[in-house]
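Residues per chain are reported as follows:
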Amino acid sequence: MPVAGNRALDDAQEGSPALRIYGQGKNMQIGIVGLGRMGGNIARRLMAAGHDCVVFDVDAKARAALADHGAVATASLAALVKALSGAPRTVWVMLPAGEITETAVAELGALLGRDDIIIDGGNSFYKDDIRRARTLAERGIRYVDCGTSGGVWGLQRGYCMMIGGDAGAVDHLDPIFAALAPGQGDIARTPGRVAGDPRVENGYIHTGPAGSGHFAKMVHNGIEYGLMQAYAEGFDILASKNSASLPPEERFDLNIADIAEVWRRGSVISSWLLDLGAEALAGDPALAKFSGYVEDSGEGRWTIEAAIEEAVPADVLAAALFARFRSRQDHNFAEKMLSAMRFGFGGHVEVAPPQGSGADEG
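Residues numbered from 1 in each chain as written. Predicted model: local features only at pLDDT ≥ 70, side-chain atom pairs only at ≥ 80, totals over all residues. Heavy atoms only, no water.

**Things to note about the pattern of salt bridges**
Going by this rule: Salt bridge, as used here: a side-chain nitrogen of Lys or Arg that lies within 4 Å of a carboxyl oxygen of Asp or Glu. A run of H or I in DSSP counts as a helix once it spans at least four residues, and a run of E counts as a strand once it spans at least two, with each numbered from the N terminus. We call a residue buried when its accessible area falls under 20% of the maximum for its residue type, exposed when it is over 50%, and partly exposed in between, using a 1.4 Å probe and counting protein chains only.
Scanning the entire structure with this criterion turns up 17 salt bridges. Where arginine 132 meets aspartate 120, a salt bridge forms, and the shortest distance between an N and an O atom there is 3.1 Å. You can see arginine 132 sitting in helix α6 (residues 126-137) and its partner aspartate 120 sitting in strand β5 (residues 117-120), a full twelve residues away along the chain. For the pair arginine 132 and aspartate 120, one class covers both residues: buried. Arginine 265 is paired through a salt bridge with glutamate 261; the nearest N and O atoms lie 2.4 Å apart. For arginine 265, a relative accessible area of 58% translates into the label exposed. Judged by its relative accessible area of 27%, glutamate 261 falls in the partly exposed class. A cluster of three or more residues bridged by salt bridges with shared partners is formed by Glu102, Asp120, Asp128, Asp129, Arg131 and Arg132.

**So, the packing of aromatic side chains**
In plain terms, the rule: The criterion for an aromatic pair is that two Phe, Tyr or Trp rings (for Trp, the six-membered ring) have centres within 6.5 Å, with stacked assigned to planes under 30 degrees apart, edge-to-face to planes over 60 apart and tilted to the rest. Should the NZ of a Lys or the CZ of an Arg lie within 6 Å of a ring centre and within 35 degrees of the ring normal, that charge is described as sitting over the ring.
Summed over the entire model, instances satisfying the criterion amount to eight aromatic pairs. An angle of 70° between the planes, with centres 5.2 Å apart, marks the rings of phenylalanine 125 and tyrosine 126 as edge-to-face. Ring-pair connections join several aromatic residues into one group, and the members of that group are Phe125, Tyr126, Phe215 and Trp302. It is lysine 241 that lies over the ring of phenylalanine 252; its NZ or CZ is 5.3 Å from the centre. In this structure, arginine 324 is placed above the aromatic ring of tyrosine 225, and the distance from its NZ or CZ to the ring centre is 3.7 Å.

Below is the structure:
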């Protein structure tokens, strides 16, 4: 049942659909490092479920915003660890993959002690997780990698999570994961599914040892690239059907926004990504505010690398990744559609093309 009667939940619901919290377990305290689009909302959702959050971000305004919601804001990682009480202590790191996460995990590893837990909820490379888990284990610290899907909508909808790491640590953290997960909601059970891990029907899974969570999320994002590219190319074909290069009798001035809307209803290609695309088209049928310059955040590349290592053909996923590379050179309606969907699910704002990149040529 939803939880009500606290500031975090009341603020989250103001002017937005009701926030639904399904996980009901013991109250826990958790540190959260990184209060950006997802980290801040993860803290808000946890507090809405009754958990206590101690937070840190280099941005003082981000810290203050969470303090206004009831979090304990701290000005450094050392202060965050000092503010955590009880055992084991748990810190969730929600930072961009790469050096900033590497540095934060290393510093926390020096501050925490035996049986404490570090969760990396960002999009780190799974091989880095394996190395970090091994290094931290030498100090008795447990490392959990959590592939987190839900983007800017996770506060209301909940987050789908793919979790790797020590089973004891993952089980201990179940009240946290249950509160963040979307729950079964109105999605029907899969016919013929043999009863198994009940967590998966609520939107989270313990995938296996360290690294396996981010590996599953990495492939998830590779598939996401392929799905988005298929939609984008299809809409580009629709949008180009009125081209002057076609015989007059074969030209159709199609209402792209209406076609997107009708596909949402009963079609075999209906999906959340299509919902986001339809919403973008409804407000801006020409997608004029998007240039079509499409970034990739790394997981698509890593998915292709894994496919090469495993000798698994991945034609569609590779083509989708290369299409993003091409988008930085010339922009058609397909790239604008990709940008619109990325903005819809993750709040990803287009990055200006590097000067001299040739993005305006050809």
